[in-house]
Amino acid sequence: MRKRLAQFRKLNRTPKHKWAMLRNMVTSLIKHERIVTTLPKAKELRHVADTMVTYAKKDNKLYAKQLARRVVREEPIVHKLLEVLGPRYEDRDGGYTRVLKLSKHRHGDGAPMAVIEYVDRPGEIRAARVPKKRKERYFHNLREVLEHAGIQPMDNDSLQEKQR
């Protein structure tokens, strides 16, 4: 029986070659925060990149650094992962990366291309939704703040009346 043997893509490589390629790609993704690659590689890279951010969010920073060093190839990139990306995604429970398909295929072999990028970063292609934890922390008393500033908040009923 072939149960659970094909969980991940092979990408026509040996496991050592595939893992080396994914380590290089996740290092480049952390460094540049956006890379262009083929669609299957981007979908496979998404798992590794999300795991790296999860490591960076751990409370024990020494252990997180040790885990990240096993995958990420350069020391400054590990530092960026822990100091920049970890705090950036503290409110987000998952889904740190976004894969966008490109309309143009690669010229040589016609492979479908994609952009993989981190969400909630400056200069991103499409803005991400605000995480629920961040909404609760910053917007739970928005009505009180607006009233204190002298701004009258509008209800849905008053918005519908103004539109008519």
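This text follows the structure it describes.
Rules and cut-offs
Residues numbered from 1 in each chain as written. Predicted model: local features only at pLDDT ≥ 70, side-chain atom pairs only at ≥ 80, totals over all residues. Heavy atoms only, no water. Core = buried A, V, L, I, M, F, W, Y, C linked by side-chain atoms within 4.5 Å. Buried < 20%, exposed > 50% of the residue type's maximum accessible area, 1.4 Å probe, protein only. Helix = DSSP H or I, 4+ residues; strand = E, 2+ residues; numbered from the N terminus. Contact = heavy atoms within 4.5 Å. Pairing = 2+ DSSP bridges. Axes fitted to C-alpha atoms, helices over the stretch in contact; angles between N-to-C directions. Phe/Tyr/Trp six-rings, centres within 6.5 Å; stacked < 30°, edge-to-face > 60°.

Draft legend 1. Molecular detail of the nonpolar core. Formed by 31 residues in total, the largest nonpolar core has its most connected members in Val26, Ile30, Leu45 and Tyr118. Only helix 1 (15-32), helix 2 (39-56), helix 3 (61-69), helix 4 (75-88) and strand 3 (112-118) provide two or more residues apiece to this core. Examining the composition of this core, we find that eight residues originate from one element, helix 2, more than from any other. Not counting chain neighbours up to four residues away, the residues in contact with Leu45 comprise Leu22, Met25, Val26, Leu29, Ile35 and Ile116.

Draft legend 2. Looking closely at the side chain of Glu44. The residue Glu44 is located in helix 2 in this model. When neighbours within four sequence positions are excluded, Glu44 is seen to be in contact with Phe8, Arg9, Leu11, Lys18 and Leu22.

Draft legend 3. Representation of the pairing of strand 3. Strand 3 sits mainly inside the fold: six of its seven residues count as buried. Judged from the five bridges that link them, strand 1 (residues 34-38) and strand 3 form a sheet pairing that is antiparallel. Note on strand 3: the bridge partner recorded for Val36 is Val115. Both strand 2 (residues 97-105) and strand 3 contribute to a ladder of six bridges, which runs antiparallel. Along strand 3, the bridge assignment pairs Arg98 with Glu117. Counted between consecutive antiparallel strands, the loop separating strand 2 from strand 3 contains six residues, among which Gly110 sits at a positive phi close to 75°.

Draft legend 4. How the structure looks around the sheet that holds strand 3. The strand order across the open sheet formed by three strands is 1-3-2, and the pairing between neighbours is antiparallel. The open sheet has two edge strands, strand 1 and strand 2, and neither has a second partner. The sheet shows a mean angle of 25° between the axes of neighbouring strands, direction not considered. Strands in contact with helix 2 are strand 1, strand 2 and strand 3; relative to strand 3, the strand with the most contacts, it is inclined by about 15°.

Draft legend 5. How the structure looks around unusual backbone geometry. The phi torsion at Asn12 lies on the positive side, around 55°, for a residue other than glycine. Residue Asn12 is classed as exposed on the basis of its relative accessible area of 83%. The phi angle at Glu33 is positive, at roughly 65°, despite the residue not being glycine.

Draft legend 6. The arrangement of the environment of Ala42 in detail. Its place among the elements puts Ala42 in helix 2. For Ala42, a relative accessible area of 0% corresponds to the buried category. As a C-alpha pair, Ala42 and Thr97 span 55 residues in sequence and 9.9 Å in three-dimensional space. Excluding anything up to four places from it in sequence, Ala42 contacts Thr37, Val99, Ala114 and Ile116.

Draft legend 7. Up close: the packing of aromatic side chains. Throughout the structure, instances matching the rule amount to two aromatic pairs. With 5.4 Å between their ring centres and 55° between their planes, Tyr89 and Tyr96 make a pair best called tilted. Overall, the relative accessible area of 3% leaves Tyr96 in the buried class. Ring centres of Tyr89 and Tyr118 lie 6.1 Å apart, and the angle between their planes is 40°; on these two criteria the pair is classed as tilted. Pair noted here: Tyr89 is in the loop between helix 4 and strand 2 and Tyr118 is in strand 3, with a separation of 29 residues, a long-range link.

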